[in-house]
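Listed here are the chains, written in short residue letters.
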Amino acid sequence: MAITVTEETVEQYHRDGVVLLRGLFEPWIEGVRSAIEENKAAPSWRERTYRPGDGRSPFFQDYCVWNRFDGYRALVVASPMARIAARLMRSSTARVFHDHVLVKEPGNSTETPWHHDLPYYLVDSPCTVSFWVPADPVPRDRGIEYVAGSHRWGRSFRPTRFDGTPLYADDPSDPVPDLDANRDALEIRSWDVEPGDAIAFDFSTLHRAAANHSELRRRVTSVRWVGDGALFVERAGTTSPSFPDLVYRDGDPFEGDEFPQLWPPPG
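Residues numbered from 1 in each chain as written. Predicted model: local features only at pLDDT ≥ 70, side-chain atom pairs only at ≥ 80, totals over all residues. Heavy atoms only, no water.

**Student:** For the overall build of the chain, give the residues involved together with the corresponding values.
**Tutor:** Broken down by element type, the chain carries four helices and 13 strands. Rg of the C-alpha trace for the chain: 17 Å, near the compact-globule value of 18 Å for 267 residues, within the 12% margin. For the chain, the spread of C-alpha atoms along the three principal axes comes to 50 × 45 × 40 Å. Evaluated residue by residue, the chain yields a buried proportion of 55% over its 267 residues. Sequence separation of 24 or more characterises 83% of the internal contacts of the chain that already satisfy a separation of 6 or more. Per element, the accessible surface of the chain, about 12000 Å² overall, is 48% carbon and sulfur. Computed over 30 positive and 41 negative side-chain charges, the separation of the two mean positions in the chain equals 2 Å. (Helix = DSSP H or I, 4+ residues; strand = E, 2+ residues; numbered from the N terminus. Rg over C-alpha atoms; globule rule 2.2 N^0.38 Å. Buried < 20%, exposed > 50% of the residue type's maximum accessible area, 1.4 Å probe, protein only. Contact = heavy atoms within 4.5 Å. Areas by Shrake-Rupley, 256 points an atom, 1.4 Å probe, with all protein chains shown as cover. Lys, Arg positive; Asp, Glu negative; His and termini not counted. Charge placed at Lys NZ, Arg CZ, Asp CG, Glu CD.)

**Student:** So what about helix α4 (residues 81-89)? Which residues, and what values?
**Tutor:** Counted residue by residue, α4 has seven buried out of nine residues, so it is predominantly covered. Here α4 has its buried residues at M81, A82, I84, A85, A86, L88 and M89. Directly beyond the C-terminal end of α4, a positive phi value near 55° is found at R90.

**Student:** Go over helix α1 (residues 7-16) with me, naming the residues and quoting the values.
**Tutor:** Two residues of an α-helix separated by three or four positions point the same way, owing to the 3.6 residues in each turn. Restricting attention to buried positions, one finds in α1 the residues T9, V10, Y13 and D16. Down the axis of α1, the buried set is contained in an arc of 150°. They therefore lie on one face. Summarising the contacts, the buried residues of α1 are in contact with β1 (18-21), α4, β6 (128-134), β7 (144-147), β8 (188-189) and β9 (198-201). In the stretch just after α1, G17 is the one whose phi turns positive, near 75°. (Arc of directions from axis to C-beta.)

**Student:** Can you break down the environment of P58 residue by residue, with the values?
**Tutor:** Along the chain, P58 turns up in the loop between α2 (29-41) and β2 (59-63). Among the residues examined, P58 registers a relative accessible area of 29% and is labelled partly exposed. A sequence separation of 189 residues divides P58 from V247, and the C-alpha atoms of the two residues are 34 Å apart. With residues up to four places along the chain from it excluded, the contact list for P58 reads T49, Y50, R51, P52, V103, K104, E105 and N108.

**Student:** Can you explain the packing of α2 against helix α3 (residues 70-78)? Please cite residues and give values.
**Tutor:** Where α2 meets α3, the closest approach of the two axes is 6 Å, and the angle between their N-to-C directions is 135°. Comparing the axis directions of α2 and α3 gives the class oblique. Mapping the contact onto sequence places G31, V32, A35, I36 and N39 in α2 and G71, Y72 and L75 in α3. Grouping the amino acids of the contact of α2 with α3 by side-chain chemistry returns five nonpolar, three polar and no charged. (Axes fitted to C-alpha atoms, helices over the stretch in contact; angles between N-to-C directions. Parallel < 35°, antiparallel > 145°, perpendicular 65-115°, else oblique. Nonpolar A, V, L, I, M, F, W, Y, C, P; charged D, E, K, R; others polar.)

**Student:** Summarise the packing of aromatic side chains; cite the residues concerned and give the values.
**Tutor:** Considering all chains together, one arrives at 16 aromatic pairs under this definition. The rings of F97, Y121, F203, F232, F243, Y248, F254 and F259 are connected pair by pair, giving a single aromatic cluster. R46 extends its terminal NZ or CZ atom over the ring of F243, reaching a point 4.8 Å from the ring centre. Across from the ring centre of F59, 4.9 Å away, lies the NZ or CZ of K104, which sits over that ring. (Phe/Tyr/Trp six-rings, centres within 6.5 Å; stacked < 30°, edge-to-face > 60°. Lys NZ or Arg CZ within 6 Å of the ring centre and 35° of its normal.)

**Student:** Quick one: what's the story with the pairing of β9, residue by residue and with numbers?
**Tutor:** The alternating pattern of β9 places A198 and A200 on one face and I199 and F201 on the opposite face, and all of these are buried. As defined by bridge partners, β1 adjoins β9 across four bridges and the pair is classed as antiparallel. Across the sheet, V19 pairs through a bridge with A200, a residue of β9. (Pairing = 2+ DSSP bridges.)

This is a description of form; function is not addressed.
Shown next as structure tokens:
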């Protein structure tokens with residue numbers, strides 16, 4: 001299957017920090033569904049499940065598992081994701097940073113707050129892209145919203161865990177502003193998405209996700225990539241995801257076996 005990303009799409013990605021890609025990963029979705037069930041049965045040590053205080057269904061999350069389960073691995077390695085990542089980033093290379101599995105079971109009441117991802121990470125780069133790939137139909141009222149253009153604000157907001165607690169102690173950066181109070185002044189993007197679609201967004205684009213008050217599952221895998229110029233960054237505490245055994249210095253080139261370069265293809 002020939003898959004192309006137009007220059008118009010690339011321009012939109014750089015202008016808005018987010019773009020919808022329809023149907024590009026449909027051939028790999030059944031494998032992703034199988035991998036999610038295998039992953040839930042055998043989570044990694046990074047697994048983090050939020051269980052709402054109201055006793056409603058859980059929000060399962062796991063990280064850095066793309067190479068442990070065949071269905072995830074195929075999406076990352078066998079699909080055209082690496083090539084599309086490089087194209088969107090306008091980068092000569094594409095390197096996997098990590099993946100993030102997010103399963104909001106039917107009736108889950110957890111709302112993912114407004115945030116952008118870059119301050120959580122031990123990497124910085126002028127070239128970044130995340131692919132949010134649903135394994136179930138997700139209407140926009142149960143999906144994800146983005147503030148178009150926020151990746152160009154030039155600001156880094158204080159990272160918090162999804163339960164509202166700070167990720168880094170004594171972080172001097174500003175909290176995310178009250179975006180909901182100013183929705184009319186913002187360009188907010190959201191879409192109804194189908195399995196095999198992907199929403200591609202910059203690490204600095206502000207976004208949030210709704211609870212899942214429906215009777216249907218909301219299974220998603222999100223794969224994060226960096227391109228040319230990526231560097232390690234020392235943060236004020238343990239990053240999310242964490243890499244406790246990784247040795248690096250602030251400003252070192254971002255590379256290593258944990259983060260393979262998949263574009264151009266190895267060899």
